[in-house]
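# A look at the structure
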Amino acid sequence: MLAQDISNGTMTDHEWQLRVDLAASFRLAYQHDYHEAVANHFSVALSENGRKFLVQPVGYHFSRIKASDLVMLDLDDPSTWDGTEHKVDPSARILHGHLHQALPHARCIMHVHTPTILALACLKDYEFLMLDQNACKFYGRIAYDRDYQGLAVTDDEGERVANLMGHDKAILFMGNHGVMVLASSVAEAWDELYFLERACQVQLLALQTGRELAIIPDDVAKKAERQWNTYPTGFANLHFNELKMMLDKEEADYQS
Ligand SMILES: [Zn+2]
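Description of the structure in this document.

Rules and cut-offs
Residues numbered from 1 in each chain as written. Predicted model: local features only at pLDDT ≥ 70, side-chain atom pairs only at ≥ 80, totals over all residues. Heavy atoms only, no water. Helix = DSSP H or I, 4+ residues; strand = E, 2+ residues; numbered from the N terminus. Rg over C-alpha atoms; globule rule 2.2 N^0.38 Å. Buried < 20%, exposed > 50% of the residue type's maximum accessible area, 1.4 Å probe, protein only. Contact = heavy atoms within 4.5 Å. Areas by Shrake-Rupley, 256 points an atom, 1.4 Å probe, with all protein chains shown as cover. Core = buried A, V, L, I, M, F, W, Y, C linked by side-chain atoms within 4.5 Å. Salt bridge = Lys/Arg side-chain N within 4 Å of Asp/Glu carboxyl O. Phe/Tyr/Trp six-rings, centres within 6.5 Å; stacked < 30°, edge-to-face > 60°. Lys NZ or Arg CZ within 6 Å of the ring centre and 35° of its normal. Pairing = 2+ DSSP bridges. Axes fitted to C-alpha atoms, helices over the stretch in contact; angles between N-to-C directions.

### Looking at the overall build of the protein
What the protein contains, in helices and strands, is 10 helices and 7 strands. Computed over the C-alpha atoms, the radius of gyration of the protein is 18 Å, within 12% of the 18 Å expected from 2.2 N^0.38 for a compact globule of 256 residues. Referenced to the eigenvectors of the C-alpha coordinate spread, the extents of the protein come out at roughly 60 × 40 × 30 Å. In the protein, which comprises 256 residues, the share counted as buried stands at 51%. Sequence-distant contacts in the protein: of pairs separated by 6 or more residues, those separated by 24 or more amount to 70%. Counting every atom, the protein has about 12,300 Å² of accessible surface; 51% of that belongs to carbon and sulfur.

### A few points about the nonpolar core
In this structure, Phe128 and Phe173 are the most contacted members of the largest nonpolar core, which totals 59 residues. For Phe128, the contacting residues outside a window of four places in its chain are Ala135, Phe138, Ile142, Tyr144, Phe173, Leu196, Ala199, Cys200 and Gln203. Formed by 15 residues, the second largest nonpolar core is a distinct cluster that contains Ile109, Ala143, Ala152 and Leu182.

### Points about the pattern of salt bridges
The tally for this structure, following the rule as stated, stands at 16 salt bridges. We note a salt bridge from Asp168 to Lys169, for which the minimum N-O separation is 3.7 Å. For Lys169, a relative accessible area of 22% gives the class partly exposed. The salt bridge involving Glu225 is made with Arg226; its shortest N-O contact spans 3.0 Å.

### As for the packing of aromatic side chains
This structure, assessed with the given rule, holds 10 aromatic pairs. Note on Tyr144 and Phe173: the rings are 5.8 Å apart at their centroids and 35° apart in plane angle, and the pair reads as tilted. Separated by 29 residues along the polypeptide, Tyr144 in strand β5 (residues 142-145) and Phe173 in strand β6 (residues 171-174) bring together distant segments of the chain. Three or more aromatic residues joined by ring pairs form one cluster here, namely Phe128, Phe138, Tyr144 and Phe173. The aromatic ring of Tyr144 is capped on one face by Arg146, whose charged end is 4.4 Å from the ring centroid.

### Describing the sheet that holds β6
Spatially, 7 strands are ordered β3-β2-β1-β4-β7-β6-β5 in an open sheet, and the strand pairing comes out mixed. The two strands at the open ends of the sheet, each matched to only one other strand, are β3 (71-74) and β5. This sheet shows a mean twist of 20° between the axes of neighbouring strands, independent of strand direction. In the sheet, strand β1 (residues 42-45) pairs with strand β4 (residues 108-112) via 3 bridges, with the strands oriented antiparallel. Bridging across to β4, Ser43 finds its partner in Ile109. Of the strands in this sheet, β5 and β6 touch helix α7 (residues 155-164), which is tilted by about 145° from β5. The sheet strands contacting helix α8 (residues 186-209) are β1, β4, β6 and β7 (178-183), and the helix crosses β4 at an angle near 30°.

Structure (structure tokens):
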């Protein structure tokens, strides 16, 4: 049906490319063990104002999601998330919906509960440490939710979480819950999630030694953040494209 939508012009190439990229990111999250049961959501905005976005249908395991499975959720049309044709998990609409509309510049949003990130998010008053070069990528770009309020199934909770993210933040450490990654594209979101997970692995390992930590001074961490995020090679796209080429060989059906 979607192939038909493309050939008859009701779906743009742009939307199809977003679907392919988002489907790839689910497969990669499965391969990297960032998934949890059939929970957690990745989304990508379709409309400028963020009120229309693509997200996976309820109950789909990350390992099998295809581009054509993704649901176009329109916050102005309940049939797109709770109709006979489309069903979307309520927390996907609440969390991703409120963030997409509050921060329309964040085109892609990834939410996971990886044990490494979560272990740090469960430490009382935890501040992400400038402990290694990868950590510096996130200097000044992390917001914190230190007031866990249960499952995100009400609009009040979605609003509360969205209000915690400033326009200059890319990551929300959700205490006792997980993390949200907000980025300008699927490739950027994937790259951020990947390096955040790596930096968190290092922090957890270093903390476990009980030895004194060699924290990178503020001015150096700030400089490294600028270097990371203005790096001239378009690193996130290079990274994501290489991973997609791996998928093309191993499980090309993600693009169908
Ligand atoms: Zn969650």
